[in-house]
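# Close look at the chain arrangement
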Amino acid sequence: MERIERHACFGGWQEVYQHTSKTLNCEMKFAIYLPPMEEEQKYPVLYWLSGLTCNEQNFITKSGAQQFAAQHGIILVVPDTSPRGENVADDSAYDLGKGAGFYLNATQSPWNNHYNMYDYIVDELPTLIETHFPVTHQRAISGHSMGGHGALTIALRNSARYRSVSAFSPIVAPSVVPWGKKAFSAYLGDDTTQWQQYDTVELVNQAESMLPMRIDVGLDDPFYQEQLKPELFAQACDTKQFPYQLNLHQGYDHSYYFVASFIGEHIAFHAKHLKT
């Protein structure tokens, strides 16, 4: 593992590392924000998963999250959104291939050689973080759009690993929307029963309990009706009588302007659960 960036930021350090991933069979980068720290003390971690076309840079340069992580004493870990490299399968479209890993384990060729983002986020990356940085085993997870889909599905499938989950503009029902259908068909094949393990609404329907959950969506998001469908998530939670927060914001779109506007509230939400 090699540190390739380091910047002073709100009394702490914004760093970027590169490492060889056995899970993804390629070189990967991740960003980590280390808040002002006291010696011999360990800190909880919030994992952030970004959306389509993004890498480890978008969140750390556009969201302003570091100031809130510094206030609450939380480490932020921001991985890339897909495997990378010349030998990694890709597609000319923005919503498949590099930058569009969908946080799943691909089963179809040629994607299954590298596209194991689910295992990377759940197992390999946390092991790396917990080996090399002063962190506790208290974890939370959040994300935006495709990353909101990833955060929700990973948290629902591993509820004992996380204290809380939140998402901005998540794809909550990928099995029934164009983004998800395209990606799942390519990565997982045509057997739609295999899609259910990566579909938030399906996982809520199967769940027996729910961890603390917050979702924010902009009502002026151009993808709201066709791709996001937050009402399907709300219906599933209501049917199961699971508590949740779904906040709809007039005037906000799908961009990082939206994320930056409410990231402070999301980090405070996670801080409450990480420190109980």
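Keep in mind that this is a model prediction, so the values were computed, not measured. (Residues numbered from 1 in each chain as written. Predicted model: local features only at pLDDT ≥ 70, side-chain atom pairs only at ≥ 80, totals over all residues. Heavy atoms only, no water.)

### Examining the overall build of the protein chain
If you tally the helices and strands in the protein chain, you get 9 helices and 9 strands. Relative to the globule expectation of 19 Å for 276 residues, the C-alpha radius of gyration of the protein chain, 17 Å, shows essentially globular dimensions. In terms of its C-alpha atoms, the protein chain occupies a principal-axis envelope of roughly 50 × 45 × 35 Å. For the protein chain, the residues scored as buried account for 58% of the 276 residues in total. Within the protein chain, contacts between residues at least 6 apart in sequence are counted, and of these 71% link residues at least 24 apart. (Helix = DSSP H or I, 4+ residues; strand = E, 2+ residues; numbered from the N terminus. Rg over C-alpha atoms; globule rule 2.2 N^0.38 Å. Buried < 20%, exposed > 50% of the residue type's maximum accessible area, 1.4 Å probe, protein only. Contact = heavy atoms within 4.5 Å.)

### Observations regarding the environment of V259
Considering the arrangement of structural elements, one finds V259 in helix α9 (residues 256-274). On the basis of relative accessibility, which here comes to 0%, the residue V259 falls in the buried class. Expressed as a C-alpha distance, the spacing of V259 and G218, which sit 41 residues apart in the sequence, is 9.8 Å. If we ignore the near neighbours within four places in the chain, the residues touching V259 are W48, F59, S63, H144 and F168.

### Details of the packing of aromatic side chains
In this description, an aromatic ring pair is defined by two values, namely the gap between the centres and the angle between the planes. The tally for this structure, following the rule as stated, stands at 16 aromatic pairs. An angle of 25° between the planes, with centres 5.5 Å apart, marks the rings of Y115 and Y187 as stacked. Highlighted residues: Y115 in the loop between β5 (75-79) and α3 (117-132) and Y187 in helix α5 (residues 178-188), separated in sequence by 72 residues. As far as burial versus exposure is concerned, Y115 and Y187 are alike and both buried. Their ring planes at 70° and their centres at 5.7 Å tell us that F184 and W195 sit as a pair that is edge-to-face. Here the residue F184 occupies a position in helix α5, and W195 occupies one in the loop between α5 and α6 (200-206), the gap between them amounting to 11 residues. With respect to burial, F184 and W195 carry one shared label: buried. Site record: aromatic cluster; members linked through ring pairs are W48, F59, F168, Y252, F258 and F262. R6 extends its terminal NZ or CZ atom over the ring of W13, reaching a point 3.7 Å from the ring centre. (Phe/Tyr/Trp six-rings, centres within 6.5 Å; stacked < 30°, edge-to-face > 60°. Lys NZ or Arg CZ within 6 Å of the ring centre and 35° of its normal.)

### Some thoughts on the sheet that holds strand β2 (residues 12-21)
Spatial strand order, β1-β2-β3-β5-β4-β6-β7-β8-β9: 9 strands in an open sheet with mixed pairing. The open sheet terminates on both sides in strands that have one partner only, identified here as β1 (2-9) and β9 (245-249). Each adjacent strand pair in this sheet contributes to an overall mean axis angle of 20°, direction not counted. Here α9 sits on the sheet and contacts β4 (43-49), β6 (135-144), β7 (165-168), β8 (213-218) and β9; the angle it forms with β7, its principal contact strand, is near 175°. (Pairing = 2+ DSSP bridges. Axes fitted to C-alpha atoms, helices over the stretch in contact; angles between N-to-C directions.)

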